[in-house]
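One letter stands for each residue in the lines below.
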Amino acid sequence: MALREVRLVPDSVLRKVAKPVKEMTPRLQTLVKDMYNTMDSEDGIGLAGPQVGILKRIFTVGIGDIRLCFVNPEVLETRGEYLDVEGCLSIPGETGVVSRPEYVKVKAMNEKNEAFIIEAKNLLARCILHELDHLDGVLFTDKLVEVDEDFEPEEQKEELLVSLTYTEKE
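In short, a report on the structure. (Residues numbered from 1 in each chain as written. Predicted model: local features only at pLDDT ≥ 70, side-chain atom pairs only at ≥ 80, totals over all residues. Heavy atoms only, no water.)

**Concerning the sheet that holds strand β1 (residues 46-48)**
Phase 1: One open sheet accounts for six strands, arranged β1-β2-β3-β6-β7-β8; its pairing is antiparallel. The outermost strands of the open sheet, each flanked by one partner alone, are β1 and β8 (161-167). With direction set aside, neighbouring strand axes in the sheet form an average angle of 35°.
Phase 2: Where strand β3 (residues 66-79) and strand β6 (residues 103-109) come together, six bridges link them in antiparallel fashion. Bridge assignment links V75 to a residue of β6, and that residue is V106.
Phase 3: Along the sheet, helix α1 (residues 26-41) contacts β1, β2 (58-63) and β3; its crossing angle with β2, the most-contacted strand, is approximately 40°. (Pairing = 2+ DSSP bridges. Helix = DSSP H or I, 4+ residues; strand = E, 2+ residues; numbered from the N terminus. Axes fitted to C-alpha atoms, helices over the stretch in contact; angles between N-to-C directions. Contact = heavy atoms within 4.5 Å.)

**Thoughts on the pairing of β6**
Phase 1: Counting buried positions along β6 gives five out of seven residues, so the element sits mostly inside the fold.
Phase 2: Where β6 lies against strand β7 (residues 115-121), seven bridges are found, and the strand directions are antiparallel. Paired with Y103 across the two strands is K121, which belongs to β7.
Phase 3: Hairpin connection of β6 to β7: five residues between the antiparallel strands, including N113 at a positive phi of 70°. (Buried < 20%, exposed > 50% of the residue type's maximum accessible area, 1.4 Å probe, protein only.)

**A word on the nonpolar core**
Phase 1: If you look at the biggest cluster of nonpolar residues, it comprises 22 residues, and the most contacted ones within it are F59, V61, F70, I118, L124 and I128.
Phase 2: Listed by contribution, the elements that provide at least two residues to this core are β2, β3, β6, β7 and α2 (122-135).
Phase 3: Broken down by element, this core gets its largest block of residues, seven residues, from α2.
Phase 4: The contact partners of I128, leaving out residues within four places of it in the chain, are F59, V61, F70, V106, I118 and A120.
Phase 5: Of all hydrophobic cores here, the second largest spans 15 residues; its members include V21, L28, V71 and M109. (Core = buried A, V, L, I, M, F, W, Y, C linked by side-chain atoms within 4.5 Å.)

**Brief notes about the environment of T38**
Phase 1: Positionally, T38 belongs in helix α1.
Phase 2: Between the alpha carbons of T38 and A2 there is a distance of 7.8 Å; along the sequence they are 36 residues apart.
Phase 3: Beyond its immediate sequence surroundings of up to four residues, T38 is in contact with A2, L3, R4, V6 and L47.
Phase 4: Polar side-chain contacts of T38 include one of 2.7 Å to the backbone oxygen of D34. (Polar contact = N/O pair within 3.5 Å; in protein donor to acceptor, adjacent residues only side chain to side chain.)

Shape is all these values report; function is a separate question.
Written as structure tokens, this is what we have:
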């Protein structure tokens, strides 16, 4: 497995809309392995195709024991809202406060071409939505919220994964 070069702002690929994956090929499966390695090497918790110069609707997430690949993700539901600090591997050294839903339900495929539905909360939900934004050419800096200078993020809640269900392909 190789490491991929993480594209940095102002690289124009980061502002483009990624195209749906038509078929999970061995080449794309290698890409996914490389994305996990690159994400881990950079101490990230998520990495999207456009961040490594691949305009495909694909991203990886890795938080603790949770390691998932999302291919052609689709948001089914969101709930709640909370403010927290975000950063991005494509914008090194910069952070800011972003408002995101605290719960998300997403349908996607994984790198093995298995369909799944995930319900996630808190940091995992935030990470999924952050990476999904990358697939649409949106960066966290586009969503910054003004807060008081003494802003403290809410204490991170423990529950991240509500459920993960593998489903039949449509």
